[in-house]
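An overview of the molecular structure
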Amino acid sequence: MKKIKVMSVFGTRPEGIKMGPVVKALEKDDRFTSVVVSTGQHAEMLQQVLDVFSIVPNYDLKIMKPKQTLTGITIETMSRLEPIIQREQPDLMLVHGDTSSAYAAALTAFYNRIAIGHVEAGLRTWDKYSPYPEEMNRQMIDDLADLYFAPTTTSAANLQKGNHHRGVTVTGNTAIDALRYTINQDYHHQVLAEIDQHHRIILLTMHRRENWGRPMEETFKAIRKVVDQYDDIDVIYPVHLNPKVQTVANKILGNDEHFHLIAPLDVVDFHNIMSKAMLVMSDSGGVQEEAPALHKPVLVLRDTTERPEGVAAGTLKLIGTNYAQVIAELTALLTDKAEYEQMSAANNPYGDGHASERILEAIAAWAESK
Ligand code: UD1
Ligand code: UDP
C-alpha cells in the first residue's frame, strides 16, 4: 500500500514541543512517510527541542533574523517553503497552533493545493488583538484546513461556531504527550542546587507581544515587590531570547538575589523544574496546558485566554498585568492555604497523553476515504 506522506512544518519552541510527539509517532508507523521542515523562526530555542526529541529536520528554512517582523516571517516562510512543497508533493501538511510561520505555511500549502491538518485547532479568545497576532493566525489556519485536531470539546465547539463541521477530531493536547517524554522522578539541576531546599519556588515566564513594554514592566515590579518581603521564596525565570524581553527582565529583576534569571531551559529541564515549583506565573500558552497536568497553580499574566478549560478546572487564574492586581493575587496565593490547595488539586482537562496516536488514526482514516 502507498504510504501517506506527511510534511510537518514548525519552527518555534512551543510548536516543536507539541509536534515532537507527533513526528516521533509518524516516524515509527509504517503507514507514513514523515518529512520535517523547520521554518527556523526560532533558532536556538527550537534546536533545544529538536535535540530532546532527536529530530533532524529534512529541511531548514532558517528564516530567523534579529528584530524580525510579522510580515518578514510570513514572506520568508512562504517563499522558502514553496519550492520544497513542489518537490516533495506531500499528501498532507501538518501545522501547529498559531504562529505566523504556521499560518504562512498553511497558506503556501493551500496555494499549492496540498491538504492541511491543523494540530491544536479551534483555540479561541474571539478577540482579534489578544493574543496578537495569534488569534487571527489560528482563525485563518482553520479557514484553510481540511483536518482539525482539536485538543478539547471546547475547541471542537469553537470550530463548529466558525462553520468548520467536517474533519474535526477531539484528540487531547499533544503537550500532555510531551510530558511522557520529559518528566523524570530523579531529576537534578544546577539552579535547584543553588536554592535552599526549604524555600518555595515560583517559575516565571513572559514573552507575549501584547505584554511588551509597560505591562511587562509593571508585572515584574509587582512580583519583585511581593517576593522581596519573604526570605523563603526564589523565582526561577528562564528568559526568552527576544531582546525586548531580555532588556526589561534584566533591568527590573537582574540584581535581586531572590530572582534566578537564566537562559531558556530545554524542555526536559523546564518540565522537571515546573514539577518542583510551588506555582507558576506566565503569559505562555503551552504552560497553561502543562501546569494543570502537574497540579501547579498558574497565575496567568494576560487579560484573555484561549485555554478556558484550565480556568474552569481551577488551576489557572487570569490576573492580567496591572501592578496592584498582580501584587494582590500573588500575595493571596502565597498566604491563603485553602486557595492554593484548591488550585493545585484540580484535574487536568487537556487529555491523557495519547493525542498523537489519535491524530495518526484520523489521518489514516482520511487518506483511506479519499
Ligand atoms: C513567537 C510566536 C508566538 C509564540 C512564541 C513562542 C509569532 C508571531 N509569534 O513569538 O506565537 O508564542 O514564538 O516562544 O509567530 N530569538 C532568538 N533566538 C531564538 C528565538 C527568538 O534570538 O531561538 C529572538 C530573535 O531576536 C527574534 C525575536 O526573538 O527576532 C522574536 O522572535 P519571534 O518568533 O518573532 O517572536 P516570539 O515572541 O518568540
Ligand atoms: N519552555 C521551555 N523552556 C523554557 C520555557 C518554556 O522548554 O525555558 C516550554 C514550555 O514547557 C512550553 C513551551 O516552552 O511547552 C511554551 O513556549 P512559549 O511560552 O515560548 O510559547 P507559547 O506556548 O506561549 O506559544
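Up top is the structure these notes are about.
Going along each chain's sequence as written, the residues are numbered from 1 onward. Written order determines the labels here, with chains lettered from A and ligands numbered from 1. Since the coordinates come from a predicted model, pLDDT governs what is reported: local features require at least 70, and pairs of side-chain atoms require 80 or more to be given and counted, while whole-chain, interface and lining totals use all residues. The side-chain numbers reported here are obtained from all heavy atoms of the structure, hydrogens and water having been left aside.

**Digging into the site of ligand 2**
We count it as follows: Throughout, near means a residue has at least one heavy atom within 4 Å of the molecule or strand. For this analysis, a polar contact is any N or O atom pair within 3.5 Å, provided that within protein one partner can donate a hydrogen and the other can accept it, and provided that sequence-adjacent residues contribute only side-chain to side-chain pairs. Residue exposure ignores everything except the shown protein chains as possible cover, and the areas themselves are Shrake-Rupley values with a 1.4 Å probe. Working definition: helices are DSSP H or I runs of at least four residues, strands are E runs of at least two. Numbering for both runs from the N terminus. All residues other than Ala, Val, Leu, Ile, Met, Phe, Trp, Tyr, Cys, Pro, Asp, Glu, Lys and Arg, Gly among them, are scored as polar; the first ten of these are nonpolar and the last four charged.
Taken together, 16 residues sit near ligand 2, with L265, S284, G285, G286 and E290 positioned nearest. Residue G285 places a main-chain N or O atom 2.7 Å away from an oxygen atom belonging to ligand 2. Compared with its free state, where it exposes 540 Å², ligand 2 has 95% of that area covered by protein. Taken together, the elements giving at least two residues each to the shell around ligand 2 come down to helix 1 (13-28), helix 11 (267-276) and helix 12 (286-293). A breakdown of the residues in the shell around ligand 2 according to their chemical character gives seven nonpolar, five polar and four charged.

**A look at the nonpolar core**
Applied cut-off: Here, nonpolar core refers to any group of buried Ala, Val, Leu, Ile, Met, Phe, Trp, Tyr and Cys residues whose side-chain atoms link them within 4.5 Å. Between buried and exposed lies partly exposed: a residue is buried under 20% and exposed over 50% of the maximum accessible area for its type, with that area taken using a 1.4 Å probe on protein chains only. A contact between two residues is defined here by any heavy atoms of the two lying within 4.5 Å.
In this structure, L204, F220, Y237, M281 and L330 are the most contacted members of the largest nonpolar core, which totals 32 residues. Contributions of two or more residues to this core are made by strand 8 (200-205), helix 9 (214-227), strand 9 (233-238), helix 10 (243-253), strand 11 (279-282), helix 14 (323-335) and helix 15 (337-345). Of the residues forming this core, the biggest block, six residues, is contributed by helix 9. The residues touching Y237, leaving out its near neighbours within four places in the chain, are L204, T205, M206, F220, V245, A249, L253, H260, L261 and I262.

**Comments concerning the packing of aromatic side chains**
The test is simple: Two aromatic rings, drawn from Phe, Tyr or Trp (for Trp, its six-membered ring), form a pair once their centres lie within 6.5 Å of each other, and the interplanar angle then sorts them: stacked below 30 degrees, edge-to-face above 60, tilted otherwise.
Summed over all chains, the structure comprises four aromatic pairs. Relative to Y132, the ring of Y129 has its centre 5.8 Å away and its plane inclined at 40°; by these criteria the two rings are tilted. Taking relative accessible area as the criterion, Y129 reaches 55% and is therefore assigned exposed. Taking the relative accessible area as the measure of exposure, Y132 reaches 34% and is therefore partly exposed. Ring geometry for F220 and Y237: centres 5.6 Å apart, planes at 55°, overall tilted. Of the two residues, F220 is situated in helix 9 and Y237 in strand 9; the sequence distance between them amounts to 17 residues. For the pair formed by F220 and Y237, the shared burial category is buried.

**Regarding the environment of Y230**
Its place among the elements puts Y230 in the loop between helix 9 and strand 9. Distance in space between the C-alpha atoms of Y230 and G122 is 41 Å, their sequence separation being 108 residues. When sequence neighbours within four positions are dropped, the list of residues in contact with Y230 reads R200, H258, L334 and T335.

**Things to note about the environment of N184**
The topology assignment puts N184 in the loop between helix 7 (174-182) and helix 8 (190-193). Considering only alpha carbons, one finds N184 and T12, 172 residues apart in sequence, at a separation of 24 Å.

**Quick look at the site of ligand 1**
As a matter of local geometry, ligand 1 sits amid 25 residues, with H42, E44, M45, S100 and E134 nearest to it. A distance of 2.4 Å is found between an oxygen atom of ligand 1 and a side-chain nitrogen or oxygen belonging to E134. Protein chains shield 94% of the accessible area of ligand 1, which is 750 Å² for the free molecule. Only helix 2 (44-53) and helix 3 (70-88) provide two or more residues apiece to the shell around ligand 1. Here the residues of the shell around ligand 1 sort into 10 nonpolar, nine polar and six charged.

**Comments concerning unusual backbone geometry**
Both trends apply: most residues other than glycine have a negative phi, and most peptide bonds are in trans. In the segment running from S130 into P131, the intervening peptide bond is cis, with an omega of -5°. Positionally, P131 belongs in the loop between strand 5 (115-119) and helix 5 (134-144). Residue P133 follows Y132 across a cis peptide bond; omega there is 5°. Relative to the elements of secondary structure, P133 occurs in the loop between strand 5 and helix 5. Although it is not a glycine, H295 adopts a positive phi angle of roughly 60°. Among the secondary structure elements, H295 is positioned in the loop between helix 12 and strand 12 (298-300). With relative accessibility at 35%, the residue H295 sits in the partly exposed group.

Don't take any of this as a statement about function, it's just geometry.
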